Amino acid sequence: IIGGIGGGSLHVFRRTPTGWTDSQKVFPPVGTVVFTSNGFSLDYDNGYLVSGEQGRRAHVYRREPDGRFVYHQLLLDPRTYMRSDFGFDVAIEGDLLAIGDPGDLGAGLPGAVSVYRLEQGSWDLEETLLASDGYVTNFGTGGVNDDFGWRVAIDEGRSAVGAQQSGRGAPPAGVNDLLGSAYVF
């Protein structure tokens, strides 16, 4: 599955005996405004495809018995901040779905991960994960944060979250202090 950069569509490829073929073009419902790029981040498991849009939303598609994907649910950023990268990375396993938001500067948070659970056919927000040692510095027109939520993964019911700029401080000139961290929940 390839995200349709700029157009809002996803391309589903299927392997055939002679190679790969573009078998379906999937769109969000008519009337859905796509802020940036549907398919910026993608993950698939257990008949569900989640597509992060990096701009306050993610789209969930369900695979039908005939193999086609149909639109299932729109997930919006549960927080309303001046800058959000909700959907920057996504992960799905079974009935758990995680959506990273490393750009959560407006709330003074170093990023967040929203965890959803599938219950009775609906993906419902279960928890918001934050780094206990994270930070954000807002310089008025922008800022620097840990980028907690830059990468997310789920395996056997546990979540791993990457913070690519964790460890940032005030080093001597010329010293790279962007060590990065991984958090396991």
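In what follows, the structure referred to is the one given above.
Parameters and conventions
- Residues numbered from 1 in each chain as written.
- Predicted model: local features only at pLDDT ≥ 70, side-chain atom pairs only at ≥ 80, totals over all residues.
- Heavy atoms only, no water.
- Helix = DSSP H or I, 4+ residues; strand = E, 2+ residues; numbered from the N terminus.
- Contact = heavy atoms within 4.5 Å.
- Areas by Shrake-Rupley, 256 points an atom, 1.4 Å probe, with all protein chains shown as cover.
- Buried < 20%, exposed > 50% of the residue type's maximum accessible area, 1.4 Å probe, protein only.
- Lys, Arg positive; Asp, Glu negative; His and termini not counted.
- Salt bridge = Lys/Arg side-chain N within 4 Å of Asp/Glu carboxyl O.
- Polar contact = N/O pair within 3.5 Å; in protein donor to acceptor, adjacent residues only side chain to side chain.
- Pairing = 2+ DSSP bridges.
- Axes fitted to C-alpha atoms, helices over the stretch in contact; angles between N-to-C directions.
- Core = buried A, V, L, I, M, F, W, Y, C linked by side-chain atoms within 4.5 Å.

1. So, the overall build of the protein
Here's step 1: Within the protein, the regular secondary structure consists of zero helices and 16 strands.
Here's step 2: Considering only contacts in the protein between residues 6 or more positions apart, those separated by 24 or more positions represent 42%.
Here's step 3: Here the protein has roughly 9300 Å² of accessible surface; of this, 52% comes from carbon and sulfur atoms.

2. Observations regarding the side chain of E53
Here's step 1: When you line up the elements, E53 lands in the loop between β5 (48-52) and β6 (57-63).
Here's step 2: Here E53 occupies a buried position and makes no salt bridge, while the nearest side chain of opposite charge, R57, is found at 4.2 Å.
Here's step 3: Looking at E53, its side chain comes within polar contact range of the side chain of H59, at 2.6 Å.

3. Re the sheet that holds strand β11 (residues 122-129)
Adjacent strands of a sheet pair through backbone hydrogen bonds, lying either parallel or antiparallel.
Here's step 1: Taken together, four strands build an open sheet; the order of strands is β8-β9-β10-β11 and the sheet is antiparallel. Edge positions in the sheet fall to β8 (89-93) and β11, since each of these pairs with one other strand and no more. The sheet shows a mean angle of 20 degrees between the axes of neighbouring strands, taken without regard to direction.
Here's step 2: Direction of pairing for β8 relative to strand β9 (residues 96-101): antiparallel, over a ladder of five bridges. The residue of β9 that forms the bridge with A91 is A98.

4. Quick notes on the nonpolar core
Here's step 1: Judged by nonpolar contacts, the single largest core of 13 residues is most densely connected at V113, L129, F148, V152 and V161.
Here's step 2: Broken down by element, this core gets its largest block of residues, three residues, from strand β14 (residues 148-155).
Here's step 3: If we skip the residues at most four places from it in the chain, V152 touches D89, V90, A91, A98, G100, V113, A160 and V161.
Here's step 4: With twelve residues, the next largest nonpolar core counts A58, V60, F86 and L97 among its residues.

5. Details of the pairing of strand β10 (residues 112-119)
On a regular strand, each side chain points to the face opposite its neighbour's, so the side chains alternate between the two faces of the sheet.
Here's step 1: In the sheet, β9 pairs with β10 via six bridges, with the strands oriented antiparallel. Residue A98 lies in a different strand from β10, and its bridge partner there is V115.
Here's step 2: Both β10 and β11 contribute to a ladder of seven bridges, which runs antiparallel. Pairing of L118 across the sheet is with W123, part of β11.

6. Digging into the sheet that holds β6
Here's step 1: Pairing in this open sheet of four strands is antiparallel, and the strands run β4-β5-β6-β7 from one edge to the other. Whereas interior strands pair on both sides, the edge strands pair on one side only; in this sheet they are β4 (41-45) and β7 (69-76). Between one strand axis and the next, the sheet turns through 20 degrees on average, direction left out of account.
Here's step 2: In this sheet, β7 lies alongside β6 in antiparallel orientation, the contact comprising seven bridges. Pairing of V60 across the sheet is with Q73, part of β7.

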